[in-house]
Amino acid sequence: METTMNKYKEVYEYTAKVLDIIEKTDVTKEEAQWITSETVNGFRENVNSGFLEYRKSVTKGGQYASVEWKDSGPNCFIDVNGKEYIDCLGGFGIYNVGHRHPKVVKAVKDQLDKQALHSQDLLDPLRAMLAKALAMLTPGDLKYSFFGNSGTEAVEAALKLAKIYHHKEGRSTFIATTRAFHGKSLGSLSGTAKGVFRKPFIPLVSGFRHVAFGDIDMMKKTMHACHMVGEDVAAVIVEPIQGEGGVIIPPDDYLPKLRELCDEYGALLIFDEVQTGMGRTGKMFCAEHYGVTPDIMTLAKAFGGGVMPASATIATEEVFSHLFDNPFLHTTTFGGNPLACAAALATINVLIEEKLPERAAEMGEYMLNGLREAAKGHENKVLEVRGKGLLIGIEFVSDEIGYEVAKGFFDNGVLTAGTLINAKTIRIEPPLTIEKEQCDKVCETFAKVLKEVDKAVLV
Ligand SMILES: *Cc1c(COP(=O)(O)O)cnc(C)c1O
């Protein structure tokens, strides 16, 4: 009894102290030190010490202990010691409308002030309105939306939709692609390609095959083989441009041909636009570059405007109608909650108002040229700079050089993303609101860092 009370007292005082910190926008030097040590120790003792080792691999000296604190305008953030970074990682593509866009923040605050979460039983208005906006916005006859909280949930819903669509026929084979990333819950992970992520958790969902991304002949052979052995394909799932895999852009005719192939074999086509959607690649949805409409499309990451976690799985009526008889077949408590819907509605509004897809195309082109220019004369280190819109990948000749460049970027106040699947490639995925001068700074930093890497690695 006594010890329980002591424990509660201790936890109460600790949480009270943290709440005081949360209340503050700026902190003193002493507070910054306390926050840093609590964070590093907390990661070591109570989160996962592996993260500290990872941070050490992508930073110089003691910089692994940098603790983020607050945003600084739409395109930057500040660590607890006041150092500013241009956010070229963009939360792996969360911040398409910038950090804390005022319109998104206002919508969420307005909603929060009247109702945070839904009753779970009555009809909630914003879910209906967001679904309508999405039906209007997305290509082709995509019409009905299921809302979740994360990319992997959006993919799970897509896979279950494909299964129920083919339920009577008993089709349950899925084809995904090599280097694909669809998330890490067991269903999505079955589609994800990287062995390191999958192997400890095998067996995954049965019926998944992987074929080389971009290889339409192999896809056709595999679809045919599946048919021959009586395991017809329920759906093919692809990212229109692979993000985590290292910004892999398929041949121009790949997705149109994939659409034809799926139609020929009666398989559904799922586009995972969790990373490529919401303007990232220079169109609202990457599918629009190729004039292809999938049967099911997934959205997350930037969908909540960088303010709320939110995801959507949108499908045609033909597919989605299989959930009409029993809408409780697939549900989630928090998916489509009013705060998330408010954020997503505001995000769509901002993307259109500020013409951010067009801006992504323009600034992407500018950044791509700048980075290529900076890489000139460094062919011994940089294999390729590629991208579409503001989804850009810099591929190095080795992991080691990739890590060195990432460290140099970070040291100079530019945050970039080594992709989780392919450490050789650094991704540049800034807010679509990034300014020209900030692009220039990133390219200048790249040039500078490449020169330094010469000294560090090649001698
Ligand atoms: C990030 C990502 C996911 C997983 O999203 P989470 O929100 O991390 O679950 C799925 N698909 C693609 C294409 C992604 O980039």
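Residues numbered from 1 in each chain as written. Predicted model: local features only at pLDDT ≥ 70, side-chain atom pairs only at ≥ 80, totals over all residues. Heavy atoms only, no water.

### Regarding the overall build of the protein
Looking only at helices and strands, the protein features 17 helices and 15 strands. Relative to its length of 459 residues, the protein is compact, with a C-alpha radius of gyration of 23 Å against a globular reference of 23 Å. C-alpha extents for the protein along the principal axes are approximately 65 × 65 × 45 Å. Taking all contacts inside the protein whose residues are at least 6 apart in sequence as the whole, residues at least 24 apart take part in 73%. In the structure as shown, the protein presents an accessible area of about 21,400 Å², 55% of it carried by carbon and sulfur atoms. Charged side chains in the protein number 51 positive and 62 negative. The centres of these two groups are separated by 2 Å. (Helix = DSSP H or I, 4+ residues; strand = E, 2+ residues; numbered from the N terminus. Rg over C-alpha atoms; globule rule 2.2 N^0.38 Å. Contact = heavy atoms within 4.5 Å. Areas by Shrake-Rupley, 256 points an atom, 1.4 Å probe, with all protein chains shown as cover. Lys, Arg positive; Asp, Glu negative; His and termini not counted. Charge placed at Lys NZ, Arg CZ, Asp CG, Glu CD.)

### Digging into the sheet that holds strand β2 (residues 76–79)
Pairing in this open sheet of four strands is mixed, and the strands run β1-β2-β3-β13 from one edge to the other. If you trace the sheet from one side to the other, it starts and ends with β1 (68–72) and β13 (414–415), each paired once. Here two bridges tie strand β3 (residues 84–87) to β13, and the two strands are oriented parallel to one another. If you follow isoleucine 86 over to β13, its bridge partner there is valine 414. (Pairing = 2+ DSSP bridges.)

### A short note on the domain arrangement of the protein
The assigned domain composition of the protein is domain 1 (102–353) and domain 2 (356–457). Centre-to-centre separation of domain 1 and domain 2, based on C-alpha positions: 28 Å. Regarding the contact of domain 1 and domain 2, the summed buried area is about 2,000 Å², with carbon and sulfur atoms giving 60% of it. Among the residues domain 1 hides against domain 2, the three largest losses belong to Glu244, Val247 and Arg280. Together they make up 34% of the total. The interface formed by domain 1 and domain 2 includes two salt bridges. When the shortest N-O distance is used, the salt bridge between glutamate 244 and arginine 427 registers 3.1 Å. Of all elements in the fold, only α12 (287–290) and α14 (338–353) reach the threshold of two or more residues within the side of domain 1 that touches domain 2. Considering only residue class, the side of domain 1 that touches domain 2 consists of 12 nonpolar, nine polar and six charged. (Domains from an automatic or database assignment. Buried area = accessible area lost by both parts, 1.4 Å probe. Salt bridge = Lys/Arg side-chain N within 4 Å of Asp/Glu carboxyl O. Nonpolar A, V, L, I, M, F, W, Y, C, P; charged D, E, K, R; others polar.)

### Examining the layout of surface pockets
Quantified by volume, the largest pocket comes out at close to 1,300 Å³. If you trace the largest pocket, you find 42 residues lining it, with Tyr54, Arg55, Glu68, Leu89 and Leu415 closest to the centre. By residue class, the composition of the lining of the largest pocket is 27 nonpolar, eight polar and seven charged. When we break the lining of the largest pocket down by domain, the ones giving at least three residues each are domain 1 (102–353) and domain 2 (356–457). A volume near 850 Å³ is recorded for the second largest pocket. In terms of lining residues, the second largest pocket is bounded by 24 residues, among which Asp124, Arg127, Phe146, Pro327 and Thr331 are the most central. If you list the elements that add at least two residues to the lining of the second largest pocket, you get α6 (125–137) and β4 (142–148). Grouping the amino acids of the lining of the second largest pocket by side-chain chemistry returns 13 nonpolar, eight polar and three charged. (1 Å grid on protein atoms, 1.4 Å probe; cavity = no way out; pocket = protein on both sides within 12 Å on 5 of 7 lines; lining within 4 Å. Points joined across faces, edges and corners; volume = space filled by probe spheres on them.)

### Some details on the site of the ligand
As a matter of local geometry, the ligand sits amid Ser150, Gly151, Thr152, Phe181, His182, Gly183, Glu239, Asp272, Val274, Gln275 and Lys301. Glutamine 275 has a polar side-chain atom sitting 2.7 Å from an oxygen atom of the ligand. Relative to its free-state accessible area of 380 Å², the ligand is covered by the protein chains to the extent of 82%. When its residues are assigned to classes, the shell around the ligand shows two nonpolar, six polar and three charged. (Near = heavy atom within 4 Å. Polar contact = N/O pair within 3.5 Å; in protein donor to acceptor, adjacent residues only side chain to side chain.)

### Structural notes on the nonpolar core
Counting residues in each nonpolar core, the largest one holds 91 residues, and the members touching the most others are Met223, Val236, Phe303, Met367, Leu371, Val405 and Phe446. If one sorts the elements of this core by residue count, α14 sits on top with 10 residues. Here this core gathers at least three residues from each of two domains, domain 1 (102–353) and domain 2 (356–457). With residues near it in sequence (within four places) discarded, leucine 371 still touches Val385, Ile392, Ile394, Ile428, Val442, Cys443 and Phe446. Of all hydrophobic cores here, the second largest spans 19 residues; its members include Phe146, Ala176, Leu268 and Ala315. (Core = buried A, V, L, I, M, F, W, Y, C linked by side-chain atoms within 4.5 Å. Buried < 20%, exposed > 50% of the residue type's maximum accessible area, 1.4 Å probe, protein only.)

### A word on the packing of aromatic side chains
A full pass over the atoms with the stated rule returns 11 aromatic pairs. With centroids separated by 6.2 Å and ring planes inclined at 55 degrees, the aromatic side chains of tyrosine 14 and tryptophan 34 adopt a geometry described as tilted. Remark: tryptophan 34 occurs in helix α2 (residues 29–48) and tyrosine 14 occurs in helix α1 (residues 2–23); sequence separation between them is 20 residues. The exposure class of tyrosine 14 is partly exposed, given its relative accessible area of 42%. Among the aromatic side chains, those forming a connected cluster through ring pairs are Phe77, Tyr85 and Phe410. Of note, lysine 56 hangs over the ring of tyrosine 64, and the distance from its end group to the ring centre comes to 4.8 Å. Between the NZ or CZ atom of lysine 436 and the centre of the ring of tyrosine 366, over which it lies, the distance is 4.8 Å. (Phe/Tyr/Trp six-rings, centres within 6.5 Å; stacked < 30°, edge-to-face > 60°. Lys NZ or Arg CZ within 6 Å of the ring centre and 35° of its normal.)

### A short note on the environment of isoleucine 78
Summarising the element assignment, isoleucine 78 is placed in strand β2. Taking the relative accessible area as the measure of exposure, isoleucine 78 reaches 16% and is therefore buried. As a C-alpha pair, isoleucine 78 and isoleucine 394 span 316 residues in sequence and 25 Å in three-dimensional space. Sequence-distant contacts of isoleucine 78, defined by excluding residues within four places in its chain, comprise Glu68, Trp69, Lys70, Ser72, Lys83 and Glu84.

### Focus: the sheet that holds strand β5 (residues 173–177)
Spatially, seven strands are ordered β4-β10-β9-β8-β7-β5-β6 in an open sheet, and the strand pairing comes out mixed. At either end of the open sheet lies a strand with only one pairing partner, and these are β4 and β6 (208–211). When strand polarity is set aside, the average angle formed by the axes of neighbouring strands in this sheet is 20 degrees. In the sheet, strand β7 (residues 233–238) pairs with strand β8 (residues 268–272) via four bridges, with the strands oriented parallel. Bridge pairing links isoleucine 237 to isoleucine 270 in β8. Helix α7 (residues 151–165) rests against β4, β5, β6, β7, β8, β9 (296–299) and β10 (311–316) of the sheet, and its axis sits at about 25 degrees to β10. (Axes fitted to C-alpha atoms, helices over the stretch in contact; angles between N-to-C directions.)

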